Each structure stands twice: as structure tokens, then as C-alpha cells.
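# Inside the fold
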Amino acid sequence: MYSIAEYCNNSILNIWRHYLDENSTELIPLLYNCIKSNCILFVGLNPSFNVKAIKNRLNKTDLEDDDIKNFFQWKNYNKNVYNKAIEDNKEAVKNYNYYRKLEIIAHEDLKEYWTHIDLFYNRETNQNNIKHKIYSNIKNDLLNQFANKQIELTWHIIKMIDPKLVVVQNVLASKIFKESFKQNINNYEKIVNSEEGYETIKINDAFIPIFFSGMLSGQRALDNFSYFRLRWHIKRSYNIHYR
């Protein structure tokens, strides 16, 4: 029986096979080492592709920057590339500063396990570039078919995770998430917990708290005051909902 991560990896690779030529120089998709269930779920926009960080995580490989880029191109995909991508994801979650604040919110504040996924699987650091990859019409916010297939998979993965609380941690990701899954959010725009001050999303048969936020780390991260307020708000909603 496949784990959630294995199911997700097999599914996204099939999407890549369907939409990309086997000689494509596009990068391979995000591949997960582990996706936990029944925990706090953090959702980002898409995975970045930082060559220096990858080289450091993969035991300081002797490959040059250009070799790393070539290694992870779709045209070179094979089992070895798959294994390296899984190893990189494992090391990133364990050591990358991006995930430190997620650990604080979930484990230190709520005493819960957590997992992280992205809406899209395209490896791209520049957000303007990812827009051109996911939109067929940027001005009208129309996602292309390739992006919609990824969104469909992500929703299926979210249902498999069956989270206790969701934090979408990117402005563009929040915008796309709310539009793509609006039929499940706030009981069709009626805020279920307006008095308590948080939104909800229906996943499987339960309404759970959901928060839409900016980045928690990096150059466009929330300021410390907003971050501490978000932590307080998340903890309050969790206590209202589960205790």
C-alpha cells in the first residue's frame, strides 16, 4: 500500500509525463520524502530551486552549479534522480530555515505534528516566473490546464492528509487556494466562526480552522509583530476548536 508521499510522487510524475516532452529541459517536479496525516498542514505556493542549498544538502556534491541544473532536468529523469530528489526533500525539511517557524507554530505552540505541501510542484524560485508557468492569462488569473491538474492532485492530497488546521503561507498561494476551493471555505462565503474570528474549510466531513497569510520566512516574510499575532490567533482557534 502506497504512503501519501508515494501516491503524490507517482501522480505528479504522471502529470509531468503527460504534459512535458521527454526531452524537456524543465526541472523535475517536487517529490516528497514524507507527508504526515491528521496533523497541522502548511501550504506554500511552489518549491524553490536553490542550487547552492541543494549542493549543501546532498553531502556537498562535487557537481558544479550547471551540472546540478542539468541533473534535475526532466530529460535526465531516472531512478537515481528520483532518489536524490527524495533525499534532498528529507534534508530540507530537517535542516532548512524555511521550516523552522512551522515547527514553532505546530510543535511548540500546539504540541502537534505538522506537514508541508505546495499548491504547485514546479521548481521555481522567482514568483514572476511561476506565474507564467501556471497562468494561461495572468491579467484574468486564469490557470492553465497543467496548473489545474496540479491543483486537483493537491486537493486530493489534502483530503488524504485530513489535517486538523491549515495555514496557507504565501499571498499568491492564498489567493489561488481561496479561488480554487471556495466551495469548501466558510460554508460558501458564510464565515462559520465569525464571532471567534477565524475562517474554516470543509475537508472530508469536518470544518476545520484555516489561515491565509504571507510568507513566514524569507525576504517577503511577515514582520515579527504580525508573526507573533498569527501564532496567537492560530493557537486560539485551535483551542476553541479542539479543547
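Quick note: structure is the one above.
So, here is what we can say about the structure in this document. (Residues numbered from 1 in each chain as written. Predicted model: local features only at pLDDT ≥ 70, side-chain atom pairs only at ≥ 80, totals over all residues. Heavy atoms only, no water.)

### Remarks on the packing of helix 5 (residues 100–110) against helix 10 (residues 224–242)
At a minimum axis separation of 11 Å, helix 5 and helix 10 run at an interaxial angle of 40 degrees. When the interaxial angle is binned, helix 5 and helix 10 end up oblique. In the crossing of helix 5 with helix 10, the sense of the turn from one axis to the other is right-handed. Listed contacts from helix 10 to Lys101, Ile104, Ile105, Asp109 and Leu110 of helix 5 are Tyr227, Arg231, Ile234, Lys235 and Tyr238. When its residues are assigned to classes, the contact of helix 5 with helix 10 shows six nonpolar, no polar and four charged. (Axes fitted to C-alpha atoms, helices over the stretch in contact; angles between N-to-C directions. Helix = DSSP H or I, 4+ residues; strand = E, 2+ residues; numbered from the N terminus. Parallel < 35°, antiparallel > 145°, perpendicular 65-115°, else oblique. Left-handed = near helix turned anticlockwise from the far one by under 90°. Contact = heavy atoms within 4.5 Å. Nonpolar A, V, L, I, M, F, W, Y, C, P; charged D, E, K, R; others polar.)

### Considering the packing of aromatic side chains
All chains considered together, the criterion is met by 16 aromatic pairs. Note on phenylalanine 49 and phenylalanine 72: the rings are 6.1 Å apart at their centroids and 75 degrees apart in plane angle, and the pair reads as edge-to-face. Of this pair, phenylalanine 49 sits in the loop between strand 1 (40–44) and helix 2 (51–57) while phenylalanine 72 sits in the loop between helix 3 (65–71) and helix 4 (79–95), and the two are 23 residues apart along the sequence. Considered together, phenylalanine 49 and phenylalanine 72 belong to a single accessibility category, that of buried residues. Note on phenylalanine 177 and phenylalanine 181: the rings are 4.7 Å apart at their centroids and 80 degrees apart in plane angle, and the pair reads as edge-to-face. One aromatic cluster is present, built from ring pairs that chain together Phe42, Tyr96, Tyr98, Tyr99 and Trp114. Geometry around tyrosine 96 places arginine 57 over its ring, the cationic atom sitting 5.5 Å from the centre. Seen from the ring of tyrosine 227, lysine 101 lies directly overhead, with NZ or CZ sitting 4.5 Å from the centre. (Phe/Tyr/Trp six-rings, centres within 6.5 Å; stacked < 30°, edge-to-face > 60°. Buried < 20%, exposed > 50% of the residue type's maximum accessible area, 1.4 Å probe, protein only. Lys NZ or Arg CZ within 6 Å of the ring centre and 35° of its normal.)

### Examining the sheet that holds strand 5 (residues 165–169)
In space, the five strands of this open sheet follow the order 2-1-5-7-6, with mixed pairing throughout. Edge positions in the sheet fall to strand 2 (114–118) and strand 6 (199–203), since each of these pairs with one other strand and no more. With strand direction ignored, the average angle separating the axes of adjacent strands in the sheet is 30 degrees. In this structure, strand 5 lies alongside strand 7 (residues 206–213), joined through four bridges in parallel fashion. Looking at the pairing, glutamine 169 lines up with serine 213 of strand 7. Of the strands in this sheet, strand 1, strand 5, strand 6 and strand 7 touch helix 8 (residues 171–180), which is tilted by about 145 degrees from strand 7. (Pairing = 2+ DSSP bridges.)

### Structural notes on the side chain of serine 226
On the secondary structure map, serine 226 appears in helix 10. On the basis of relative accessibility, which here comes to 17%, the residue serine 226 falls in the buried class. A distance of 2.8 Å separates polar atoms of two side chains, one belonging to serine 226 and the other to aspartate 223. (Polar contact = N/O pair within 3.5 Å; in protein donor to acceptor, adjacent residues only side chain to side chain.)

### A word on the nonpolar core
Counting residues in each nonpolar core, the largest one holds 56 residues, and the members touching the most others are Ile35, Phe72, Leu119, Phe120, Tyr121, Ile176 and Phe177. With eight residues, helix 7 (residues 145–161) is the single largest residue contributor to this core. In this structure, phenylalanine 120 is in contact with Leu45, Asn46, Pro47, Ile134, Leu143, Ala147, Gln150, Ile151 and Ile176, ignoring residues within four places of it in sequence. (Core = buried A, V, L, I, M, F, W, Y, C linked by side-chain atoms within 4.5 Å.)

### Quick word on the pattern of salt bridges
Working definition: two side chains of opposite charge can pair if their charged atoms are close together. Applying the stated criterion to the full structure yields twelve salt bridges. Residue glutamate 87 pairs with lysine 84 through a salt bridge whose shortest N-O separation is 3.9 Å. Of this pair, glutamate 87 and lysine 84 both sit in helix 4, three residues apart, which is roughly one turn of that helix. Judged by relative accessible area, glutamate 87 falls into the partly exposed class, the value being 25%. Residue lysine 84 is classed as partly exposed on the basis of its relative accessible area of 28%. Residue arginine 100 pairs with glutamate 108 through a salt bridge whose shortest N-O separation is 3.0 Å. Overlapping salt bridges, with partners in common, bring together Glu26, Glu124 and Lys133 in one network. (Salt bridge = Lys/Arg side-chain N within 4 Å of Asp/Glu carboxyl O.)

### Notes on a nonpolar patch on the surface
On the surface, a nonpolar cluster with roughly 300 Å² of combined accessible area is contributed by Tyr2, Tyr7 and Met160. Locating tyrosine 7 in the fold gives a position in helix 1 (residues 4–19). (Patch = residues over 30% accessible without salt bridge, like charges linked within 9 Å, V, L, I, M, F, W, Y side chains within 5 Å. Areas by Shrake-Rupley, 256 points an atom, 1.4 Å probe, with all protein chains shown as cover.)

### Considerations on the packing of helix 1 against helix 7
Where helix 1 contacts helix 7, the axes come no closer than 11 Å and their chain directions differ by 170 degrees. Judged by the angle between their axes, helix 1 and helix 7 are roughly antiparallel. Across from Ile4, Tyr7, Cys8, Ser11, Ile12, Ile15, Trp16 and Tyr19 in helix 1, the residues of helix 7 making contact are Gln145, Phe146, Lys149, Gln150, Leu153, His156, Ile157, Met160 and Ile161. By residue class, the composition of the contact of helix 1 with helix 7 is twelve nonpolar, four polar and one charged.

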